[in-house]
Amino acid sequence: MRLIKIVSVLLLLSCAFCLSAIALPLELIVMVDTSNSMEQYFDDLVHYVITDILKKNLHPGDTFHLIRFSEYPVHELTEVISNDEVTDTIIKKITFLKAKLFFGKYTDILSALQFLILYAEGLPKRNTKKLLMLSDFVHNPPADSPFSGISMEELEAELAKQARTIRERDGWSIRFIRFPARGNDSHDQIDETTSDTTDTTGDNTGDTNTTGGSTPDTTRDRDKDTADDATSTNSREPVTDDNSSNDDSTGTRTKSPAGDDEKDVIDIISDTFDTDIPTFDENEKEDMSHRTSGFPRLEFPGDLGSKGRIFDVPFIIHNYVDDEIVVKLRTLEYAGQNILTHNVPAKFVGPKARKKFKVTIKLPSDIKEGPCTLPVSLSFDDDNRIAPRQGTLVFYYSGDKLVAFFNFIGENFTVILFVLIIVIIFLIIFIFIRMRVFEGVFSDLLPAGDWRGSSSGSLLEGENLIEMRVSFQNPHIGFRNIHKIENNKAFTVGGGFSSFLIFLIPMPSHIAEIENIEGTYIFTPIKQEFFPDLKGPVEHCLNKEIPLVSSHGYRTTITFKEYESPLSRINTLLHSYQHEG
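Structural notes, computed from the coordinates.

As a further point, take the overall build of the protein chain. The helix and strand inventory of the protein chain stands at eleven helices and 26 strands. Sorting the 581 residues of the protein chain into buried and exposed places 45% on the buried side. By sequence separation, contacts in the protein chain at least 24 residues apart represent 67% of the contacts at least 6 residues apart. Carbon together with sulfur atoms contributes 55% to the accessible area of the protein chain, which is approximately 30400 Å² in total.

Shown next, in the form of structure tokens:
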């Protein structure tokens with residue numbers, strides 16, 4: 001029984017883990033300001049913000065909601081995204097909406113936000129919710145609005161309450177996009193004597209099929225009914241404030257009812273909701289949907305140059321929100337085939353940062369040598385809704401690896417040449433130093449021509465050669481420590497470039513000398529600290545062990561003796577076994 005329970009718990013945990021890895025459907029609720037001052041931006045708003053989000057960021061199963069507001073908020077449409085045809089239908093409906101609208105005279109920001117939150121509460125609780133408000137944020141409610149004539153303190157308190165509600169909902173986030181106001185040219189002007197009777201050109205909201213003829217009162221009644229219907233569905237919860245991206249611009253002001261000062265409503269919203277509010281920039285329209293909505297952007301590389309069958313492709317992820325995001329690339333497909341060579345580890349992109357990552361791909365065998373434009377599609381194991389996911393890789397396919405190698409050489413010739421020059425210079429210096437050491441060691445060893453002219457490279461016999469050996473140091477290093485010391489000549493002993501070399505332990509150069517005086521070899525310490533046991537020169541030093549202490553206290557001994565070649569020792573050994581007869 002206990003085993004069954006353990007297995008059941010593990011299965012439940014596995015199911016929970018799998019479910020958590022599945023991206024939840026997204027409820028995107030876009031609220032658009034349709035007051036007079038926004039009419040000039042309507043086309044850009046649809047094309048560069050809403051259309052981009054619909055085509056790039058929403059996935060099948062997500063739901064798109066559109067709410068418009070001026071005097072009153074009105075639910076316009078709700079569509080579940082299933083394919084490209086549904087997306088095109090939504091865009092057409094929104095485009096045709098402009099022809100049916102009477103852009104309103106007033107803008108009630110507080111009523112709109114209140115409606116937006118209530119509407120989101122009625123959506124399925126399980127789904128993630130992203131709220132997006134597009135407006136010039138000129139707060140100018142009509143006289144019959146519950147927020148008309150309130151003080152700035154009351155306005156801030158109401159905004160704080162709305163912001164708190166959003167923060168408390170798990171899976172919710174809100175962003176704002178500001179469209180710059182163009183002065184008070186009869187658009188959204190603050191009417192100091194606002195009354196119901198003056199609103200003859202007000203917001204004919206409510207039924208979207210209305211093209212005129214309705215009185216403001218009947219239109220408002222219809223709007224209120226629509227709003228009540230839109231928010232009468234199930235209530236729900238979800239959360240985190242998606243703190244927004246870019247720069248914010250000031251300038252939209254509302255006059256305090258007290259008339260004592262002016263305060264930026266957009267600044268109050270930004271502070272209260274703890275988010276930057278980017279301004280729609282007509283000079284940067286192409287990237288507005290990402291920078292303003294907060295969806296991450298994938299940047300494809302430019303021309304990759306000459307490539308072989310397998311090569312790296314660099315991508316850049318742009319994160320526009322104040323939170324770190326995790327990006328996990330699952331596949332990179334060409335013609336339905338995943339061309340990644342291995343799994344790509346997850347990448348962490350910091351708040352409002354961008355990160356480059358490289359993936360290795362292997363081209364299919366049907367790719368021919370020459371200029372290549374490869375249409376690819378990427379898929380991710382995440383719910384960030386990164387876009388765009390389709391793009392083109394541009395490169396020259398060099399085909400054969402040898403051709404690719406020479407292409408690489410050609411592309412990087414200057415760098416390769418520079419590195420080769422540096423390497424050659426170091427080799428020349430190294431060889432020069434070795435030659436000087438070689439010549440210094442053997443210059444006095446044999447008469448000129450005897451060493452260099454010897455084809456065997458062996459020392460001549462009978463030259464009274466002296467060999468130095470160091471205890472535990474390998475003596476089989478050629479003729480490095482074998483020298484002929486001429487009468488009244490001295491050779492240096494020590495490390496570095498000394499004639500007799502001690503390399504077993506670190507030792508400075510020229511710590512002692514060995515000198516030939518009329519056939520008597522005398523060892524003389526030059527740096528006495530390395531020979532603490534010696535009281536002075538050692539006469540007749542051949543075949544005597546001379547103690548030596550390194551600067552780190554390591555003890556060894558050196559011994560000088562007459563050199564006998566291996567050949568001579570072999571000959572001596574062979575002759576010792578000769579017998580007469």
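Glancing now at unusual backbone geometry. Of note, the bond from Ala387 into Pro388 is cis; its omega dihedral lies within 30 degrees of zero at -5°. Along the chain, the position of Pro388 falls in the loop between β16 (370–380) and β17 (390–397). The phi torsion at Asp274 lies on the positive side, around 55°, for a residue other than glycine. Mapped onto the elements, Asp274 comes out in the loop between α7 (265–272) and α8 (288–293). Here the phi dihedral of His540 falls at roughly 50°; this positive angle occurs in a residue that is not glycine. Relative to the assigned elements, His540 resides in the loop between β24 (538–539) and β25 (545–549).

Attention now goes to the sheet that holds strand β26 (residues 555–562). A sheet is described by the order of its strands in space; here four strands give the open sequence β19-β18-β26-β25, paired in antiparallel fashion. At either end of the open sheet lies a strand with only one pairing partner, and these are β19 (482–484) and β25. On average, adjacent strands in this sheet sit at an angle of 25° to one another, irrespective of strand direction. Here three bridges tie strand β18 (residues 465–470) to β19, and the two strands are oriented antiparallel to one another. Pairing of Leu465 across the sheet is with Lys484, part of β19.

With that settled, consider the packing of helix α4 (residues 109–121) against helix α5 (residues 152–168). Between α4 and α5, the least distance of the axes is 11 Å, while the angle of their chain directions is 20°. If you check the angle between α4 and α5, you find them roughly parallel. As α4 packs across α5, the resulting crossing turns out to be left-handed. Taking contact as the criterion, the partners of Leu110, Leu113, Gln114, Ile117 and Glu121 in α4 are, on α5, Leu155, Glu158, Leu159, Gln162, Thr165 and Ile166. Residues that form the contact of α4 with α5 fall into these classes: six nonpolar, three polar and two charged.

Time to look at the sheet that holds strand β10 (residues 310–318). Strand order in the open sheet made by the three strands is β8-β10-β15, with antiparallel pairing throughout. Strands at the two margins of the open sheet, each flanked by one partner only, are β8 (297–299) and β15 (354–362). Here the strands of the sheet are splayed against their neighbours by 30° on average, with no regard to which way each runs. Pairing geometry for β10 and β15, over nine bridges, is antiparallel. Paired with Asp312 across the two strands is Thr360, which belongs to β15.

This part takes up the nonpolar core. Membership of the largest hydrophobic core comes to 33 residues, with the highest contact counts inside it found for Leu113, Phe176, Ile269 and Phe273. Among the elements of the structure, β1 (26–33), β2 (63–69), α4, β4 (128–135), α5, β5 (172–178) and α7 are those that each provide at least two residues to this core. Element by element, the count of residues in this core is highest for α4, at nine residues. Apart from residues lying up to four places away in sequence, Phe176 is in contact with Leu113, Met133, Phe137, Ile269, Phe273, Thr275, Ile277 and Pro278.

Considering the arrangement of structural elements, one finds Glu27 in strand β1. Buried within the structure, Glu27 lacks any salt-bridge partner; Lys129 is the closest side chain of opposite charge, at an N-O distance of 6.0 Å. A polar contact is formed between the side chain of Glu27 and the side chain of His65, at a distance of 2.6 Å.

The next point concerns the packing of α5 against α7. In the contact formed by α5 and α7, the axes pass within 9 Å of each other and the chain directions differ by 35°. In this structure, α5 crosses over α7, and the sense of that crossing is right-handed. Across the interface between the two elements, Met152, Leu155, Glu156, Leu159, Ala160, Ala163 and Arg167 of α5 pack against Ile268, Ile269 and Thr272 of α7. A class-by-class count of the residues in the contact of α5 with α7 yields seven nonpolar, one polar and two charged.

Quick look at the pairing of strand β22 (residues 512–517) now. A one-sided burial pattern is seen for β22, the buried positions being Ala512, Ile514 and Asn516 and the unburied ones Glu513, Glu515 and Ile517. Where strand β20 (residues 490–494) lies against β22, four bridges are found, and the strand directions are antiparallel. Each residue of the ladder has a partner; that of Val493, found in β22, is Ala512. Strand direction decides the pairing type here: β22 and strand β23 (residues 520–525), joined by six bridges, are antiparallel.

The next subject is the environment of Glu27. Classification of Glu27 by relative accessible area gives buried; the value is 3%. Not counting the four nearest positions on each side in its chain, Glu27 is found in contact with Thr63, His65, Leu123, Pro124, Asn127, Thr128, Lys129 and Lys130.

Pairs can form between side chains of opposite charge whenever their charged atoms are close. Tallied over the entire structure, the rule returns 13 salt bridges. The partner of Glu79 in a salt bridge is Lys93, and the shortest N-O contact between them spans 2.9 Å. On the criterion of sequence distance, the pair formed by Glu79 in strand β3 (residues 73–80) and Lys93 in helix α3 (residues 84–100) is long-range, its members being 14 residues apart. By relative accessible area, Glu79 is classed as partly exposed at 23%. Overall, Lys93 belongs to the partly exposed group, its relative accessible area being 39%. The salt bridge involving Arg169 is made with Glu121; its shortest N-O contact spans 2.7 Å.

Reading guide: rules and limits
Starting from 1, residues in each chain are numbered consecutively following that chain's sequence as written. Per-residue local features are limited, in this predicted model, to residues with pLDDT of at least 70; the limit for side-chain atom pairs, both in listing and counting, is 80 or more; totals at the level of whole chains, interfaces and linings are taken over all residues. Values shown for side chains rest on all heavy atoms present in the structure; no hydrogens or waters enter the calculation. Counting from the N terminus, the helices are the DSSP runs of H or I reaching at least four residues and the strands are the DSSP runs of E reaching at least two. Exposure categories follow from relative accessible area, calculated using a 1.4 Å probe and restricted to protein chains: below 20% of the type maximum is buried, above 50% is exposed, and the middle band is partly exposed. What makes two residues a contact is simply this: any of their non-hydrogen atoms within 4.5 Å. Accessible areas in this description were obtained via Shrake-Rupley with a 1.4 Å probe; residue shielding takes into account the shown protein chains only. Should DSSP find at least two bridges between two strands, the strands are taken to pair. For every element, the axis is a line fit to its C-alpha atoms; helices are fit only across the contacting stretch, and the angle between N-to-C directions ranges from 0 to 180 degrees. When an angle is under 35 degrees it counts as roughly parallel; over 145 it counts as roughly antiparallel; between 65 and 115 it counts as roughly perpendicular; any other value is oblique. Crossing chirality is assigned from the near helix's rotation relative to the far helix, an anticlockwise turn below a right angle marking it left-handed and a clockwise turn marking it right-handed. All amino acids are sorted into three groups, where Ala, Val, Leu, Ile, Met, Phe, Trp, Tyr, Cys and Pro are nonpolar, Asp, Glu, Lys and Arg are charged, and the leftover types, Gly among them, are polar. Note on terminology: a nonpolar core comprises buried Ala, Val, Leu, Ile, Met, Phe, Trp, Tyr and Cys residues joined through side-chain atoms within 4.5 Å. Positive charges are assigned to Lys and Arg, negative charges to Asp and Glu, while His and the chain termini are left out of the count. Think of a salt bridge as a Lys or Arg side-chain nitrogen and an Asp or Glu carboxyl oxygen that are within 4 Å of each other. The definition of a polar contact used here is a pair of N or O atoms within 3.5 Å, where within protein one atom must be able to donate a hydrogen and the other to accept one, and adjacent residues in sequence count solely through side-chain atom pairs.

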